[in-house]
Each structure stands twice: as structure tokens, then as C-alpha cells.
Amino acid sequence: MNYVYFDNNATTPVRPEVFEAMRPFLSPDGIYGNPSSLHSAGQKAHTALETAREQVAALLGAADPSEIVFTSCGTEADNMALIGAAFEHRAKGRHLITSAVEHHAVLHTLDYLAREHNFEVTELPVDGEGRIRPSDLAAALRPDTILVSLMTANNEIGTVQPIAELGAICREKKVLFHTDAVQAAGKMPLDLKNWPVEMAAISGHKIYGPKGIGALYLRRGVRLQALLHGGSHEKNRRAGTENVPGAVGLGVACDLARREMDAEVPRVRALRDRFERGVLSNVPGVSVNGGGALRLGNTSNLTFDCVEGESLVLALDQAGFALKRPDLPGVEISTGSACASGLLEPSHVLKAIGVSRERIHGSVRFSLGHFNTEADVDFALRVLPVAVDRLRQMSPLWEERGRRAANQ
Ligand code: PLP
């Protein structure tokens, strides 16, 4: 890779080991059988699918591989958990709980359930670091609450939630608990067997697997209404011929993440910390969003005073640090969650932690990953202060701030 990629929370490149493992499943000479077919070509695909299920279960700390349902992405896994549980258990109640900082895969799905199916949704607030207070959850639970969905770790600022504690509050009241673990998987240990969690969503393309595959962890005995109908695949939980190459890729990605986690998580954290310290000491007027909380080790969400986040991304591009041109060095970053970018809507996560609208527009997410090196951090620390300085020289707000400081 000839450019520096700091947008791993948006998506990750596929690891070569994953690509090689998938290759036979995409070749006409390879393993292309339908895993539901009884002949040997089908059975080979079936065996590969079940191996992948074991690998995913191992990363999540599930009690049994049968608790893993393959989906097309993290969004589908969230939809399956939320809609499936809401429909299955609606006779018991119609109250659902989530938080203000969830991904839109959760928030928009719950909006849909409220709008179209008469459910009522309570959105828990968060503190200034993006943490959900367990006491708020306990107070929000009602006799008609059937489902709580709270993310394991946030995609924009990295805040890690106290999932075991939050889940225990739900378990005590016999309320189903789903966690969106899309950003957490591979970046922190997960122990679903022992956590009081009924459902959890993950996604292949966030952990160096391919796009087009995700999984839902569904604790044994938990019943959902299926979203897709048309076959008995995935033990009647999701109809449709399984994406075998994708599942194999996800399985290998999970296996690599699990084996390497002890070394890789601290390595990436050290890079992120060096990057963040470097920016804070070389660029004035920068603050960290969510920096006071337990945070994913790869994520750094920074607000640059008097700078527009979008302009900063473009400035790095214009300075010759091309985003998509592998012939030029460049830095790829994101002004928020990839799914929200392009909308220029202020981030709901930053809003929820109390960042002003103006400062939200000066915020940029840097998310490091497996392929990043010390040299990448050095490069970013060289180009970023220059780009920020250049933008500020054009900012009347920055000029005024300088004048005020001089007069004091
Ligand atoms: N949940 C979180 C926390 C995410 O960050 C994302 C993707 O950005 C998703 C869900 C959706 O995952 P996918 O892109 O696989 O649909």
C-alpha cells in the first residue's frame, strides 16, 4: 500500500491470508458446491462453512458454533436481531431500549419498528465520553420492555461500554439483550458465553475479511422471527444459499484476529497513542473526543478548532496526499462514520456527547489498523500539522482568536 490508510473503522483491506483461503471457493476448479447438496462437492462446501462457523464462534467466545448465523453484513445482523426479536416477543410488550450513540443500523431499524409497527423506543443518553450509565438503563426498563440494544464499542469515538454490567441488568429482568459488536470484534476480547448477552452482530469487512458477510451470535434457545423466508438454511434462521467464500473469509479473519489479538491490539494502541500525542503536542487547538473513557485502541476522534473536518480531508488530498491514487502517498481519514459521510449531517454521536455543532464540523476520525506502521504515524504527523495550519491561515475565526490572545 503506497498511501497511509487511517480509516479502518469504515472498512479494512482484506488480509492476504483471507484472500488465499477464499480463492478455491471462487474458482471453477475449486469448491463451488451448494452446502445444502448431498453430493461431495456440496459436502466440501458444507464442511468449509462449518469450519468458518467454529472460527467465528471462537473469536466471539460463543459456547457453541451453532449459535452463529451467517448474514450479509453487520447491518443485516442488527436488523435480524432487532426486528426478529421485536416480532417474536411483541405479545409480551412493545417497549425497546437503545442508546443515543448507536450506529444507524440499530437506530434506523428501531425507528422503523416504532414508525411502522407501533413499538416504543427509549434512547438512553450518554455522558461526555460516550458512556452509557447502567443506572439509566435500570431506570428505563419497564414491565413491557422486551429488548435492549447497546453497542459494545462505538465506531466514531471508540468508547467501550460496560456490556457485562448492562447485560446483567437486563438478564435480571428477563429482557433480551443485543449488542452491536461490529467495531469491537477483533479489537478487544469478547466473551459471549459468559456475558449476559443474547445476541451480538459482527461484520467481515471491519476485521480484514471480505465485504458482503457478517454474522449474528444468537444464544442457544433464543427465538427470533426470521427476516428471510425461502429455505431451511442456517437452521431456519436465515433462508438463502450461504455465501460460502464470504463465510470462509470471515472465518479466517476471525481466526487471525483471535490468534494475534494479544500482540496486535497493544501494537495498534501504541501507534494510535503516539499519533494522538504527536498531534496534541504539534498542533495547537486540538481536543480528543471520548479520550477519557475506556476506548478502542485504534480510534482517535479529534476536534481541530477553526478547521472544517471536510476541508481537512480535502486539504490532505490537494496537498498531493491523494486519497485514492496509489502512485502518491496520502492519508485516508474520515470525518465521521463512513455510512454518514456525504450527508454533511452533524454526527449524532458527537452531538450526544455534547460537542457543539460548529466543533462537530471540525472533527475528524482517525482509525488505525493491522497494516499501519510507525512510518505511517511519522508520515501523518508530518503532513497533518501543515494541512491544519494552511486551513487556519484562511480562517477568519482563527485570526480573530490570535488577535484576542495577543491582546490579553
Ligand atoms: N455497526 C457498527 C458499529 C458499524 O460501525 C457498522 C459499519 O460501519 C455497522 C454496524 C454496519 O456494518 P456493515 O457495514 O457490515 O453493514
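What counts as what
Positions within a chain are numbered from 1, following the residues in the order the chain's sequence is written. Only residues with pLDDT of at least 70 are given local features in this predicted model, and only at 80 or more are side-chain atom pairs given and counted; all residues enter the totals for whole chains, interfaces and linings. Excluded from the side-chain calculations are hydrogens and water; all other atoms, namely the structure's heavy atoms, are used. Going along the chain from the N terminus, every DSSP run of H or I of four or more residues is numbered as a helix, and every run of E of two or more is numbered as a strand. Each residue is placed in one exposure class: buried if its accessible area under a 1.4 Å probe, protein chains only, is under 20% of its type's maximum, exposed if it is over 50%, and partly exposed if it falls in between. The contact definition used throughout considers only heavy atoms, calling two residues in contact when any of these lie within 4.5 Å. All accessible areas in this document rest on Shrake-Rupley with a 1.4 Å probe, and a residue is counted as covered only by the protein chains that are shown. Residues scored as charged are limited to Lys and Arg (positive) and Asp and Glu (negative), so that His and the chain ends carry no count. To locate a charge, take atom NZ for lysine, CZ for arginine, CG for aspartate or CD for glutamate. Here a polar contact means two N or O atoms within 3.5 Å. Within protein one must be a hydrogen donor candidate and the other an acceptor candidate, and residues neighboring in sequence count only if both atoms are side-chain atoms. Any carboxyl oxygen of Asp or Glu that lies within 4 Å of a side-chain nitrogen of Lys or Arg is treated as forming a salt bridge with it. At least two bridges found by DSSP between two strands are what make those strands a pair. Between N-to-C directions, angles cover 0 to 180 degrees, with each direction set by a line fitted to C-alpha atoms, over the stretch in contact for helices. The score called pLDDT rates the predictor's confidence residue by residue, from a low of 0 to a high of 100. Here a cavity is any set of points on a 1 Å grid over the protein atoms alone where a 1.4 Å probe fits but cannot get out, and a pocket is any open set with protein on both sides within 12 Å along at least 5 of 7 lines; a residue lines the site when it has an atom within 4 Å of a point. Grid points are joined across faces, edges and corners, and a volume is the space filled by probe spheres set on the points. What fixes the domain bounds is an automatic or database domain assignment. Simply put, the buried area is the total loss of 1.4 Å probe accessible area from both parts when two parts are fitted together. For this classification, Asp, Glu, Lys and Arg are treated as charged, while Ala, Val, Leu, Ile, Met, Phe, Trp, Tyr, Cys and Pro are nonpolar and the rest, including Gly, are polar. We define proximity as follows: a residue is near a molecule or strand when any one of its heavy atoms falls within 4 Å of that partner.

A. Region of interest: the overall build of the chain. Of the regular secondary structure elements, the chain holds 13 helices and 12 strands. Seen along its three principal axes, the alpha-carbon backbone of the chain occupies a region of about 75 × 55 × 35 Å. For the chain, with 408 residues in total, the buried portion stands at 56%. Expressed as a percentage of contacts within the chain between residues at least 6 apart in sequence, the contacts between residues at least 24 apart total 74%. Within the structure as shown, the chain displays about 17600 Å² of accessible surface, and the carbon and sulfur contribution to it stands at 53%. Here the chain holds 44 positive side-chain charges and 48 negative ones, and the gap between their average locations is 2 Å.

B. How the structure looks around the environment of threonine 98. Take threonine 98: it is sitting in strand β3 (residues 95–99). Looking at threonine 98, the relative accessible area reads 1%, which means it is buried. Residues threonine 98 and leucine 150 lie 52 residues apart in sequence; the distance between their C-alpha atoms is 5.6 Å. From its side chain, threonine 98 meets the backbone oxygen of serine 149 in a polar contact 2.9 Å long.

C. Highlighting the pattern of salt bridges. A complete count under the given rule lists 26 salt bridges for this structure. Notably, a salt bridge pairs glutamate 17 with arginine 15, separated by 2.9 Å at the nearest N-O pair. Overall, the relative accessible area of 6% leaves arginine 15 in the buried class. Each member of the salt-bridge network shares a partner with another, and the members are Arg15, Glu17 and Glu260.

D. Molecular detail of the sheet that holds strand β2 (residues 68–71). In spatial order, the strands read β2-β8-β7-β6-β5-β3-β4; together these 7 strands make up an open sheet with mixed pairing. A single partner strand is all that each edge strand has here, and the edge strands are β2 and β4 (120–124). Going across the sheet, the axis of each strand differs from the next one's by a mean of 20°, ignoring polarity. In the sheet, β3 pairs with β4 via 5 bridges, with the strands oriented parallel. By the bridge assignment, leucine 96 is partnered in β4 with valine 121.

E. Up close: the confidence of the model for the chain. Taken over all residues, the pLDDT of the chain has a mean of 92, while the share at 70 or more is 92%. In this model residues 320–329 is a low-confidence stretch, pLDDT under 50, and it forms 27 contacts with partners more than four residues away in sequence or in other chains.

F. Quick look at the sheet that holds strand β12 (residues 363–367). Ordered in space as β9-β10-β12, the 3 strands form an open sheet in which the pairing is antiparallel. Of all the strands in the sheet, just β9 (286–289) and β12 have a single pairing partner and so form its edges. Across the sheet, the mean angle separating the axes of adjacent strands is 30° when strand polarity is ignored. This element, helix α8 (residues 244–282), spans β9, β10 (299–304) and β12 of the sheet and lies at about 10° to β10.

G. Focus on empty space enclosed by the protein. For the structure on display, the rule yields 2 cavities of 30 Å³ or more. Taken together, 22 residues form the lining of the largest cavity, with Gly186, Lys187, Tyr208, Glu264 and His370 sitting closest to its centre. Looking at which domains feed residues into the lining of the largest cavity, each of domain 1 (4–9 + 261–407) and domain 2 (16–257) gives three or more.

H. Quick look at the domain arrangement of the chain. Once the domains are mapped, the chain shows domain 1 (4–9 + 261–407) and domain 2 (16–257). Taken together, the two surfaces of domain 1 and domain 2 that pack against each other cover about 2400 Å², and 59% of this comes from carbon and sulfur. Its largest share of buried area at the contact with domain 2, domain 1 owes to Met261, Leu296 and His348, together 27% of the area lost on that side. Linking domain 1 with domain 2 are 0 salt bridges, by the criterion used here. Seen at the junction of domain 1 and domain 2, the total is 15 residue pairs in polar contact (both at pLDDT 80 or more). Residue assignment for the side of domain 1 that touches domain 2 shows that the elements contributing at least two residues are α8, β10 and α10 (348–352). Of the residues forming the side of domain 1 that touches domain 2, the biggest block, 4 residues, is contributed by α10. When the residues that make up the side of domain 1 that touches domain 2 are grouped by side-chain class, the tally is 11 nonpolar, 15 polar and 2 charged.

I. Quick look at the site of the ligand. Surveying the vicinity of the ligand reveals 14 residues, the closest of which are Gly74, Thr75, Asp180, Ser203 and Lys206. Contact between the ligand and serine 203: an oxygen atom at 2.6 Å from a side-chain N or O atom of the residue. Within the side chain of lysine 206, one N or O atom sits 2.5 Å away from an oxygen atom of the ligand. Expressed as a share of its isolated accessible area of 390 Å², the protein-covered part of the ligand is 93%. Here the element with the most residues in the shell around the ligand is helix α3 (residues 74–89); it accounts for 3 residues.

J. Main features of unusual backbone geometry. For asparagine 236, which is not glycine, the phi torsion reads 65° and is therefore positive. Secondary-structure assignment places asparagine 236 in helix α7 (residues 233–236).

K. Representation of the pairing of β2 in the model. The two faces of β2 match: Ile68 and Phe70 on one face and Val69 and Thr71 on the other face are all buried. Pairing geometry for β2 and strand β8 (residues 214–218), over 4 bridges, is antiparallel. Counterpart to valine 69 in the pairing with β8 is leucine 216.

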